[in-house]
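Structural overview for review
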Amino acid sequence: MKTQTLYISDLDGTLLNSDSVVSPHSIEKINALLHKGMHFTVATARTPATVIPLLQSLDLDMPAVLMNGAVLYDIRHRRYIRTNGFTDDSALRYIERLEKRHLVPFVYRIDDNKLHVFHKTLSNEMQRTFKSQRENTPYKDFILTTDYREELLDRPPLFILVIDLFDRLETAAAEIARTGKCSLFCYRDIVDPRYGNLEIYPQGVSKAATAQQIIDSLNPWEVVAFGDNLNDLPLFGIADRRYAPANAMDEVKQQATAIIPDNNHDGVARFLDQDYR
């Protein structure tokens, strides 16, 4: 038997405002709809270390798609339901190529329901800021290493993240795309577009692929997706309706069913309030 609509929202630039929080107005509106039975979850590049405190005021009871689909996560019980990491040594080959270009990757792995992030000495302020904003939580440990191979040879990682000047990342991404079989996302930083993120996952991993597991379980009449960045396009591809906030990238707006108010004006919550019946 089919259920009602399933709504799936990205976080940064979409549900979160420019202060990187869910506004009190959005929390109030979404919780009221959840209590009426609305099916709503999130799909984000973030990890539990930041998602849990960000969403603690929302009464979410559905699994969340985190780390761009690398995991399916139970926010309420704070446990990993499913992981979609590397199963061979290909991640080590990608890391070797990155290091030859003098790029410093953050390499993610789950051990005993906790996320470990391996890295060498950081090389730019964006990396250091990224680490400082995410360390010292019960859900994630950053581990300084001198040898990725020693850490990862027997237990392959979930995914790889590199933060550096966008032009350098774009060149590295093109090289890896030519030689490897993986899923790549390379995009500019919202705050400082000179910099960017390069994310490397096993082939086939995406927000869409992991969200499909929720869809298959729930069997909704329709799927509605919200997103603002390039890594949201696979999710748009499996949605019946797609909505981009006014602050979204042009490429995302072009794929959207319609444009909603921007993330600083509660666009997702306002849309849900009008759409859910």
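Refer to the structure printed above.
If you're wondering where the values come from, they're calculated on a predicted model, not measured in any experiment.

Another point: the overall build of the protein. Along the protein, the regular secondary structure elements total eleven helices and 14 strands. Computed over C-alpha atoms, the radius of gyration of the protein comes to 18 Å, within 12% of the 19 Å expected from 2.2 N^0.38 for 277 residues, which places it in the range of a compact globule. For the protein, the spread of C-alpha atoms along the three principal axes comes to 55 × 35 × 35 Å. Across the 277 residues of the protein, 55% fall into the buried class. Within the protein, residue pairs in contact and separated by at least 24 positions form 62% of the contacts whose partners lie at least 6 positions apart. Only carbon and sulfur atoms are counted for the fraction: they give 46% of the accessible area of the protein, which is about 12,700 Å². Of the side-chain charges in the protein, 32 are positive and 38 negative, and the distance between the mean point of each set is 2 Å.

Okay, the pairing of strand β7 (residues 114-119) next. When you tally the buried positions in β7, you get five out of six residues, the bulk of the element. Strand direction decides the pairing type here: strand β6 (residues 105-111) and β7, joined by five bridges, are antiparallel. Residue Val-107 lies in a different strand from β7, and its bridge partner there is Phe-118. Between β6 and the antiparallel strand that follows it, β7, lie two residues; Asp-112 among them carries a positive phi value of about 55 degrees.

Right, let's talk about unusual backbone geometry for a bit. In this model, His-102 sits at a positive phi of 60 degrees, which is unusual for a non-glycine residue. Summarising the element assignment, His-102 is placed in the loop between α4 (90-100) and β6. By relative accessible area, which is 65% here, His-102 ends up exposed. For Asn-136, which is not a glycine, the phi torsion comes out positive at approximately 60 degrees. Relative to the helices and strands, Asn-136 resides in the loop between α5 (125-132) and β8 (140-144). Classification of Asn-136 as exposed rests on a relative accessible area of 74%.

Rules used throughout
- Residues numbered from 1 in each chain as written.
- Predicted model: local features only at pLDDT ≥ 70, side-chain atom pairs only at ≥ 80, totals over all residues.
- Heavy atoms only, no water.
- Helix = DSSP H or I, 4+ residues; strand = E, 2+ residues; numbered from the N terminus.
- Rg over C-alpha atoms; globule rule 2.2 N^0.38 Å.
- Buried < 20%, exposed > 50% of the residue type's maximum accessible area, 1.4 Å probe, protein only.
- Contact = heavy atoms within 4.5 Å.
- Areas by Shrake-Rupley, 256 points an atom, 1.4 Å probe, with all protein chains shown as cover.
- Lys, Arg positive; Asp, Glu negative; His and termini not counted.
- Charge placed at Lys NZ, Arg CZ, Asp CG, Glu CD.
- Pairing = 2+ DSSP bridges.

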